[in-house]
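# Examination of the molecular architecture
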Amino acid sequence: MKRMLFVLAIVVFMTGCSAVHKNSAIPISVDSSKSIYIVKNPYQRNDMDKLIQDEIINMGMTALSGPPLDKNESFKYILTYFDAWSWDLAPYLRAVEIQLIDPKTAQIVSRVRFENNMYLHTFPDEKKKIKELITKLLSL
């Protein structure tokens, strides 16, 4: 009986290790004819913008990345992101937040967020996690 309670407690604690959240501020329809400009965050992991860009392109959309632009009229959406990494014998993805912004109104139209528990964390593959997040971000 004690063993069963112990196993149940472990299962309950492990289910809270990580979570993906999606918030849509404004209902939109994102289709493959849309172009997205990814604002490269110079303070984040070097390849995160490339992972995001590759996943958007794999979904059949046009995506470019670079520094913030003064004029964004040629892009349907602007994408910004933040990623945080921690160390536990190896680096692991602690959190990612991705926002899709309408450049004409400067409104956030969609946002996804992944959070990994700092103490009971997993070691997610960042490519798979970005694919999951971009799929949720663009499936409105």
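Located above this text is the structure these notes cover.
Residues numbered from 1 in each chain as written. Predicted model: local features only at pLDDT ≥ 70, side-chain atom pairs only at ≥ 80, totals over all residues. Heavy atoms only, no water.

Next up on the list: the packing of aromatic side chains. Within the structure shown, the criterion is met by one aromatic pair. Both rings, one in Tyr37 and one in Phe75, keep their centres 5.0 Å apart while their planes meet at 50 degrees; by these two values the pair is tilted. Of this pair, Tyr37 sits in strand 2 (residues 35-39) while Phe75 is found in the loop between strand 3 (62-66) and strand 4 (77-87), placing the two residues 38 residues apart along the sequence. Both residues of the pair, Tyr37 and Phe75, belong to the buried class. (Phe/Tyr/Trp six-rings, centres within 6.5 Å; stacked < 30°, edge-to-face > 60°. Helix = DSSP H or I, 4+ residues; strand = E, 2+ residues; numbered from the N terminus. Buried < 20%, exposed > 50% of the residue type's maximum accessible area, 1.4 Å probe, protein only.)

Ranked by internal contacts, the top residues of the largest apolar core, which has 23 residues, are Ile36, Ile52, Ile56, Leu79, Ile98, Ile130 and Ile134. If you list the elements that add at least two residues to this core, you get strand 2, helix 2 (48-58), strand 4, strand 5 (91-102), strand 6 (107-116) and helix 3 (126-138). Considering each element in turn, this core owes the most residues, five residues, to helix 3. In this structure Ile56 touches Ile36, Ile38, Met61, Thr62, Ala63, Leu79 and Ile134, once residues within four positions along its chain are discounted. Ranked by size, the runner-up nonpolar core spans five residues in total, among them Val39, Phe75, Ile78 and Ile101. (Core = buried A, V, L, I, M, F, W, Y, C linked by side-chain atoms within 4.5 Å. Contact = heavy atoms within 4.5 Å.)

The subject of this paragraph is helix 2. Buried residues of helix 2: Met48, Asp49, Leu51, Ile52, Gln53, Glu55 and Ile56, and no others. Buried residues along helix 2 sit against strand 2, strand 3, strand 4, strand 5 and helix 3. Gly60, located one to two residues past helix 2, shows a positive phi value of around 90 degrees.

With the rule as written, the count across this model stands at five salt bridges. The partner of Glu132 in a salt bridge is Lys129, and the shortest N-O contact between them spans 2.9 Å. On the criterion of helical spacing, the pair formed by Glu132 and Lys129 is a turn pair, its members being three residues apart in helix 3. Note on Lys129: relative accessible area 12%, which makes it buried. (Salt bridge = Lys/Arg side-chain N within 4 Å of Asp/Glu carboxyl O.)

Let us look at unusual backbone geometry. Despite not being glycine, Ala106 shows a phi value in the positive range, around 60 degrees. The topology assignment puts Ala106 in the loop between strand 5 and strand 6.

Checked against the element boundaries, Ser110 lands in strand 6. Here the alpha-carbon distance between Ser110 and Lys136, two residues 26 residues apart in the chain, equals 9.4 Å. A polar contact is formed between the side chain of Ser110 and the backbone oxygen of Leu137, at a distance of 3.3 Å. (Polar contact = N/O pair within 3.5 Å; in protein donor to acceptor, adjacent residues only side chain to side chain.)

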